[in-house]
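Chain by chain, the residues run as shown.
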Amino acid sequence: MSILAYFVKSANLILKLTLEHITITVIAVSVSTVIGVAIGILITRYRRAAMSVIGVSGIIYTIPSLALFGMLIPFIGIGIKPALIALILYSQLALIRNTYVGITTIDPSIREAGRGMGMSPWQFLRMVELPVALPVIMAGIRTAAVMNIGTATIAAYIGAGGLGWLIFRGIASVHTEQILAGALPVTMLAIGVDYFFVLLERALTPSGLRR
Amino acid sequence: MPKVIIRFDKVSKVFADGTKAVDDISFDIYDGECVTFVGPSGCGKTTTVKLLNRLIEPTHGTIYLNGEDTAKADVIALRRGIGYMIQDVGLFPHMTVAQNVSLVPRLIGWTKGDQETRTDDLLHLVGLEPSSFRNRYPHQLSGGQRQRVGVARGLAADPPVILMDEPFGALDPITRAQLQDEFVRLRSRLNKTILFVTHDIDEAIKLGDRIAVMRSGKVVQFDPPAKILRDPVDPFVRDLVGKECGLKLMKLSKIADIMEPALTTITEGASVMEAKQLMAERKSDILFVVDNQGNFEGVVHFDHLQKRDGGRVAEVMDRATLTARADGEIRPTLEMMLKHKQVWLPVVDEEHRLRGIVTMTHFVCFFATEAGIQGTAA
Amino acid sequence: MEFLLYCYERRAVILLAGLRHVEVSLIAVLLSVLIAVPLGILITRYRRMAHVVVNSANIGQTVPSLAILGMVIPVLGIGLKPAVFALVLRGVLPIINNTYSGIVNVDRSVIEAGRGMGMKGREILTMVELPLAFPVIMAGIRTATVLSISVATLAALIGAGGLGDLIFQGIVMADRDLLLSGSIPTALLAIGADLLLGGVERRLRKGAVQEAF
């Protein structure tokens, strides 16, 4: 049967899996952002820990996703849980590092002026550091989102659902249409999300920082 | 007796690596004065000033602001009550000029309306037209404009004390001179106590009521500029001040310091008869003509009066007279007199009111006095 | 621990799978370097193309690895060839980007000095640009290597062999020890390669700075 016909026939399935895929990605990115940005802010206050923290998240990032799943499953089981944990762990590098870099590369004279004027550390964080670091943090979220879509695809193998399920099924049964029914939508999803974040970055960059 | 606003009492700062940046200094700063801190790089001037708003905490000693120990005050409230301006300004790049300027008022809790009014007033004060600058971003401003916004921001909550750390240091010489002049102008309008750090001795002399010369963490001399120029306390200060002491001293003195204040005047409405009478009485060939408010109008000579017997002074007087300014500097005024071949000039103030007369004799006396003092010093 | 005993007993299998994994990744990385570095150099000469190529590479990098693997199969079937092909596709993108940006960011004044001394284009490339850009290019190769190891794990599914086999089997058979005997070596392999190449990159950076003087 032709590819198009297969797509039409399985439209419901593709939609369902796409939704699953998006759901797991959204949850993972949201949780990762909260954790990652918080840790990023923390290590700007405790600089000595910064290199080690970023280093550890970097090492985790290097581990192939399948291997990380494999190491989590014996302790957490299969399904969405290990998938989410792995996705969150992977995203930490981008978020922690970008938050840290975004905040620490703020011109020191801005920091001195803010302190000298009588801003409390919390006020300075809220009114200066975060807004100025926002573009960089956004770039980190974008990286995490796109990466999570890719990893979530693989997570289908351990029962997390999503479009990867079609790809794995298609490979196993040597069914080209099935493979493509998974591969094409997930590719478009990834490219689309990337573009969405490019637009979001642009929209959220404070105009003072746009040159 | 002027009030002591700030007192440093045996203050020292030793950093973690052992550097003694500030070494047991004590001094008082009075209400409304501008003290410039000057010295070579590393002398401790910036550290000293930052001890006041506790950006750096002292290792020993106490600092009093309005009689209260700064170490015991809430540091955030302390800093909000002190204006702070630094060399690189540190404008927040993601905020507009208006948002930058109104920051401390916003933190304190002023209403939006008050913030806006205050911002516009301040932008006017520093020479930036509010309607065009309010919504600009820092990256759209020149160096001089940024520094002005920095000044406005520091003044926003109307703090009684201001710290300025090399505020004009990063600017080109022309802009720097402009801003220095505006600083002097502003000072007369605001009644604030100012601590001003600079590495430029000329700037310190130009702007300071008193100068604190620092070296290796100690205050070597703390005197008005004229005294520092005339009586440097040691060779270091003398070298710092430089070779052209005489010229610098001359720049410090104003015409008002050397002129003759008492004058014979007559109003333009008076009659020629009265004028002749006054001249005879005072044995003077010239009278200065003023209007009813005391504004200088011109001069009337004995020769003018000879031509007529009746009429008013206003009809015979000479209006086209060159004048010298009471706040003018010695050398430029002298040059002007030489250029126009005048041996005397009437002295007026900024509102063109007659203040006195200055003649060549006055200049000679001035130079003689300076030479005399310098002679004894040497 | 019994797990270590298990690994010891099955060491031959694990080692073989590990070697296979390294073999596949290495071939892929070498091919990627051979294709991508010249391409990267090319687009520094034809800047108009650069924009298009770099943008496409960036978009390409967002595509999930599994999707790439999946889309290669209808065209090339299963086995080693399509696996390496997918790995190469994944690996060339970071290398092209880094080669391009590494060369483009070489200090202009150094190049001008070279030109002023009478060096030809080719000599400037081999004696100035490449050496100075090398640390950045190395960073790209390092990224590509880690990606290759990662995709090679997946490629076990299409018959390429490697440690992925142990992981997939372990999941399917719910065999904890089998699963870990594949996962842990894979993780160590990836981390090890990253650290090794990271060290090389760091040494190159120090060297490049010295060479510039």
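All of these numbers come straight from a predicted model, not from anything done at the bench. (Residues numbered from 1 in each chain as written. Chains lettered and ligands numbered in written order. Predicted model: local features only at pLDDT ≥ 70, side-chain atom pairs only at ≥ 80, totals over all residues.)

A. Examining the overall build of chain C more closely. A count of helical and extended segments in chain C gives 9 helices and 0 strands. Beginning at the N terminus, the succession of helices and strands in chain C can be written as α-α-α-α-α-α-α-α-α. Summarising its shape, the C-alpha atoms of chain C cover approximately 65 × 40 × 20 Å along the three principal directions. Taking contacts inside chain C between residues at least 6 apart in sequence as the whole, the part at least 24 apart equals 75%. (Helix = DSSP H or I, 4+ residues; strand = E, 2+ residues; numbered from the N terminus. Contact = placed C-beta atoms within 7 Å.)

B. Spatial organisation of the overall build of chain A. When helices and strands are counted, chain A shows 9 helices and 0 strands. If you list the helices and strands of chain A from N to C, you get α-α-α-α-α-α-α-α-α. Each of the three principal axes of chain A carries a C-alpha extent, and together these read 70 × 40 × 20 Å. The proportion of buried residues among the 211 residues of chain A is 46%. In chain A, 76% of the contacts between residues at least 6 apart in sequence involve partners at least 24 apart. (Buried ≥ 20, exposed ≤ 12 C-beta atoms within 10 Å, placed from the backbone.)

C. Layout of the interface of chain A and chain B. Contacts between chain A and chain B engage 19 residues on the former and 20 residues on the latter. Ranked by residues supplied to the side of chain A that touches chain B, first place goes to helix α6 (residues 108-117) of chain A with 7 residues.

D. Representation of the arrangement of the chains within the structure. Contacts are most numerous between chains A and C, taken over all 2 pairs of chains that touch. No interface is formed between chain B and chain C, the nearest pair of C-alpha atoms being 25 Å apart.

E. Seen up close, unusual backbone geometry. Residue and element names in this part refer to chain B. Even without being glycine, Val-89 reaches a positive phi, approximately 65 degrees. Position of Val-89 relative to the elements: it lies in the loop between β6 (82-86) and α3 (97-101). Classification of Val-89 by C-beta neighbours within 10 Å gives buried; the count is 24. With a phi close to 65 degrees, His-352 is a non-glycine residue in the positive phi region. Here His-352 is to be found in the loop between β15 (344-348) and β16 (354-359).

F. Spatial organisation of the sheet that holds strand β2 (residues 20-30) of chain B. Residues and elements named next belong to chain B. Strands sit in the order β2-β1-β4-β5 across an open sheet of 4 strands; the sheet is antiparallel. Single-partner strands in this sheet number two, and they are β2 and β5 (68-69). Sheet topology places strand β1 (residues 4-14) next to strand β4 (residues 60-65); 5 bridges connect them, and they run antiparallel. Its bridge partner being in β4, Ile-6 is matched across the sheet by Leu-65. (Pairing = 2+ DSSP bridges.)

G. Seen up close, the interface of chain C and chain A. With 33 residues of chain C in contact, the opposing surface of chain A contributes 31 residues. Elements with a minimum of two residues in the side of chain C that touches chain A: α3 (47-62), α4 (65-76), α7 (121-155), α8 (164-172) and α9 (176-212) of chain C. A per-element tally of the side of chain C that touches chain A places α9(C) first, with 11 residues. Here the side of chain C that touches chain A is composed, by residue class, of 21 nonpolar, 10 polar and 2 charged. (Nonpolar A, V, L, I, M, F, W, Y, C, P; charged D, E, K, R; others polar.)

H. Highlighting the environment of B:Asp28. Residues and elements named next belong to chain B. In this fold, Asp-28 is placed in strand β2. According to the C-beta neighbour criterion, Asp-28 is partly exposed, with 15 such atoms within 10 Å. Once the C-alpha coordinates of Asp-28 and Glu-182 are considered, the two residues, 154 residues apart in sequence, prove to be 26 Å apart. Apart from the residues within four sequence positions on either side, Asp-28 is in contact with Val-4 and Arg-7.

I. Layout of the pairing of β15(B). Residue and element names in this part refer to chain B. Extensive coverage of β15 is indicated by the burial of 4 of its 5 residues. As paired elements, β15 and β16 share 5 bridges and run antiparallel to each other. Residue pairing for β16: Leu-345 is matched across the bridge by Val-358. In this structure, the hairpin formed by β15 and β16 is closed by a connection of 5 residues, where His-352 is found at a positive phi of approximately 65 degrees.

J. Spotlight on the sheet that holds strand β10 (residues 218-223) of chain B. Residues and elements named next belong to chain B. Strand order in this open sheet of 6 strands is β6-β7-β8-β3-β9-β10, and the pairing throughout is mixed. Edge strands, defined here as strands with exactly one partner in the open sheet, are β6 and β10. Each adjacent strand pair in this sheet contributes to an overall mean axis angle of 15 degrees, direction not counted. Pairing between β6 and strand β7 (residues 161-165): 5 bridges, direction parallel. Opposite Ile-86, over in β7, you have Asp-165 as the bridge partner. (Axes fitted to C-alpha atoms, helices over the stretch in contact; angles between N-to-C directions.)

K. Geometry of the environment of B:Asp327. All names here are of chain B. Along the chain, the position of Asp-327 falls in the loop between β14 (324-325) and α17 (330-339). Using a count of 12 C-beta atoms within 10 Å as the deciding quantity, one classes Asp-327 as exposed. Discounting residues that sit within four places of it in the chain, Asp-327 has contacts with Lys-254 and Ala-256.

L. Expanded view of the packing of helix α4 (residues 65-76) of chain A against helix α5 (residues 80-104) of chain A. All names here are of chain A. At a minimum axis distance of 9 Å, the contact between α4 and α5 shows a crossing angle of 130 degrees. It follows from the interaxial angle that α4 and α5 lie oblique. Viewed along their axes, α4 and α5 form a crossing whose handedness is right-handed. The residues of α5 that touch α4, namely those facing Ser-65, Leu-68, Phe-69, Leu-72, Ile-73 and Ile-76, are Lys-81, Pro-82, Ile-85 and Ala-86. Grouping the constituent residues of the contact of α4 with α5 by class yields 8 nonpolar, 1 polar and 1 charged. (Parallel < 35°, antiparallel > 145°, perpendicular 65-115°, else oblique. Left-handed = near helix turned anticlockwise from the far one by under 90°.)

M. Summary view of the packing of helix α3 (residues 47-62) of chain A against α5(A). All names here are of chain A. It is the contact of α3 with α5, at a shortest axis distance of 7 Å, that shows an interaxial angle of 145 degrees. In this structure, α3 meets α5 at a crossing whose hand is left-handed. Residues Ala-50, Val-53, Ile-54, Ser-57, Gly-58, Ile-60 and Tyr-61 of α3 form the contact with α5, whose participating residues are Leu-89, Tyr-90, Gln-92, Leu-93, Ile-96, Arg-97 and Tyr-100. Within the contact of α3 with α5, the residues separate by chemical class into 10 nonpolar, 3 polar and 1 charged.

N. Spotlight on the environment of A:Val29. All names here are of chain A. As for its placement among the helices and strands, Val-29 is situated in helix α2 (residues 11-45). The spacing of Val-29 and Leu-68 is 39 residues in sequence and 18 Å in space, taken between C-alpha atoms. Apart from the residues lying within four places of it in its own chain, the contact partners of Val-29 are Ser-91, Ile-141, Ala-144, Ala-145 and Asn-148.

O. Geometry of the nonpolar core. Core analysis: the largest hydrophobic core is formed by 187 residues, its most contacted members being A:Ala83 and C:Ala155. For this core, the element with the highest residue contribution is α7(C), accounting for 17 residues. Contact partners of A:Ala83, with chain neighbours within four places excluded, come to A:Ile24, A:Ala152, A:Ala155, A:Ile158 and A:Ala160. If you look at the next biggest cluster of nonpolar residues, it comprises 22 residues, including B:Ala275, B:Val289, B:Val300 and B:Ala326. (Core = buried A, V, L, I, M, F, W, Y, C linked by C-beta atoms within 7 Å.)

P. Examining the pairing of strand β8 (residues 193-198) of chain B more closely. All names here are of chain B. Counting buried positions over the 6 residues of β8 gives 6, a clear majority of the element. Sheet topology note: the strand β3 (residues 34-38)/β8 ladder contains 5 bridges and is parallel. In the strand pairing of β8, Phe-37 is matched with Val-197. Sheet topology note: the β7/β8 ladder contains 5 bridges and is parallel. Its bridge partner being in β8, Val-161 is matched across the sheet by Thr-193. Considered for its hand, the β-α-β crossover made up of β7, helix α8 (residues 173-189) and β8 is right-handed. (Right-handed = clockwise from strand over helix to strand, strands pointing away.)

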